[in-house]
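Overview (structure and organization)
In case you want the letters, here they are:
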Amino acid sequence: MTVGTMLAQRAERANLGAQADRVIQVLAQMPQFASYASGREVAERAGVNVSTVVRTAQQLQFEGWSDLRQALRAEYLDSLVTTNPERPESTEAAAQMLRQDVANLAAVSSAANITAIKSVSDAMKAARRIVLITSGSGAGPAQVLSYLASVYGYDIRLSAGSATSQAIHVSHLDERDCVIVINVWRLTSTLRGLTRLARERGATIAVLTDLHSSPLNTYADHVVITPIEGIYVTPSLTAMVAVVQAILAELESSDARFSAGRIEQAWDTLGLMDDQA
């Protein structure tokens, strides 16, 4: 039995509300995370309060969150080996990580996220300039978006350096501009302050985060919720990069192709590519 199946069976016998359903969805989509997370961490990802997590556990006939977490952990660990007894899935870290990323990609492909991704790309198309602010691990997906969007001809700047430099970039913004904030795992006070400042400057704000209840969301016009669950303590950025690629796909146009063609021509003229014969 999988975690999702176990939860579905118990949910059938309970009268769950909308918030409890969100808790169940998080637990089913992120079984490894749920197996070790605190009630507060589950609440953050579901966008509810801790008491809702506890109440949901009780509605599922557990004493509380700790009791439910123990059951989830047992089901999760068992599923790693016995999902298919005839062809047991590998328990090696690489195989587990690939399976987790498949689950993350499935979770990020929700209708709400697709709508938000289209809205983010529309905001970028309409903006005079785009500033992309992030910190820590968010710099990876941010670099991909910044580089390829610039190839497409967009006036975009990656601001991931010192807080003083980031403040300069945000201070020059106004209502004609767009800010994209990428936050992975823990939120720094600097990133929150910069997002608030961008809101005060009137810029359109898009947030890519893994938390339904992120404080950044209160400043955002558009939010894409992206799972970052890995198999160990570090987050996986695969789904976040996939969201970036989806935004880039929406940005593709004849003008973008023309811009990319001019850049290719410049590279060839300068002899930058080693594969030129």
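Every chain is numbered independently, its residues counted from 1 as its sequence is written. Reporting of local features is limited, given that this is a predicted model, to residues whose pLDDT is at least 70; pairs of side-chain atoms are given and counted only at 80 or more, and all residues count toward the totals for whole chains, interfaces and linings. As a rule here, side-chain values cover all heavy atoms of the structure and leave hydrogens and water aside.

For the rest of this paragraph, the subject is the sheet that holds strand 1 (residues 130-134). For two strands to pair, DSSP has to find at least two bridges joining them. Helix numbers and strand numbers start at the N terminus; a helix is a DSSP run of H or I with at least 4 residues, a strand a run of E with at least 2. One open sheet holds the 5 strands; their spatial order is 2-1-3-4-5, and the pairing between them is parallel. Of all the strands in the sheet, just strand 2 (156-159) and strand 5 (222-225) have a single pairing partner and so form its edges. In this sheet, neighbouring strand axes are inclined to one another by 15° on average, regardless of whether the strands run parallel or antiparallel. Alignment of strand 1 against strand 2, held across 4 bridges, turns out to be parallel. Along strand 2, the bridge assignment pairs Ile-130 with Ile-156. Throughout, a contact is declared for two residues whenever any of their heavy atoms are within 4.5 Å. The axes used here are C-alpha line fits, helices contributing only the stretch in contact, and every angle between their N-to-C directions lies in the interval 0 to 180 degrees. Running over the sheet, helix 8 (residues 111-126) touches strand 1, strand 2, strand 3 (178-182), strand 4 (204-209) and strand 5 and is turned about 135° from strand 5.

To continue, consider unusual backbone geometry. Although it is not a glycine, Gln-61 adopts a positive phi angle of roughly 75°. Inspection of the secondary structure puts Gln-61 in the loop between helix 5 (50-59) and helix 6 (65-82). Partly exposed describes any residue whose relative accessible area lies between the buried limit of under 20% and the exposed limit of over 50%, with all areas from a 1.4 Å probe on protein chains only and scaled to the type maximum. Residue Gln-61 is classed as exposed on the basis of its relative accessible area, which comes to 63%. For Trp-185, which is not glycine, the phi dihedral falls at a positive 65°. Here Trp-185 shows up in the loop between strand 3 and helix 11 (189-200). When its relative accessible area of 35% is taken as the criterion, Trp-185 is described as partly exposed.

On to the pairing of strand 1. Side-chain direction in a regular strand flips from residue to residue, so the side chains alternate between the two faces of the sheet. Taking burial as the measure, the 5 residues of strand 1 include 5 buried ones, the bulk of the element. Residues Ile-130, Leu-132 and Thr-134 line one face of strand 1 and the alternating positions Val-131 and Ile-133 line the opposite face, and both faces are buried.

Our focus in this paragraph is the environment of Ala-93. Among the structural elements, Ala-93 can be located in helix 7 (residues 93-108). Between the C-alpha atoms of Ala-93 and Tyr-232, which are 139 residues apart in sequence, the distance is 9.2 Å. With near-sequence residues (within four places) excluded, Ala-93 lies in contact with Ile-231 and Tyr-232.

Let us now look at the packing of helix 1 (residues 3-12) against helix 2 (residues 18-29). The angle between the axes and the distance between the axes are what describe a pair of packed helices. Two numbers describe how helix 1 lies on helix 2: the axes approach to 8 Å, and their chain directions differ by 155°. Here helix 2 runs roughly antiparallel to helix 1, going by the angle between their axes. Crossing of helix 1 over helix 2 shows right-handed handedness. In this structure, helix 1 contributes Val-3, Gly-4 and Leu-7 to the contact, and helix 2 contributes Ile-24, Leu-27 and Ala-28. Angle categories are assigned with fixed cut-offs, so that under 35 degrees is roughly parallel, over 145 is roughly antiparallel, 65 to 115 is roughly perpendicular, and the rest are oblique. In a left-handed crossing the near helix is turned counterclockwise from the far helix by less than a right angle, and in a right-handed crossing that turn is clockwise.

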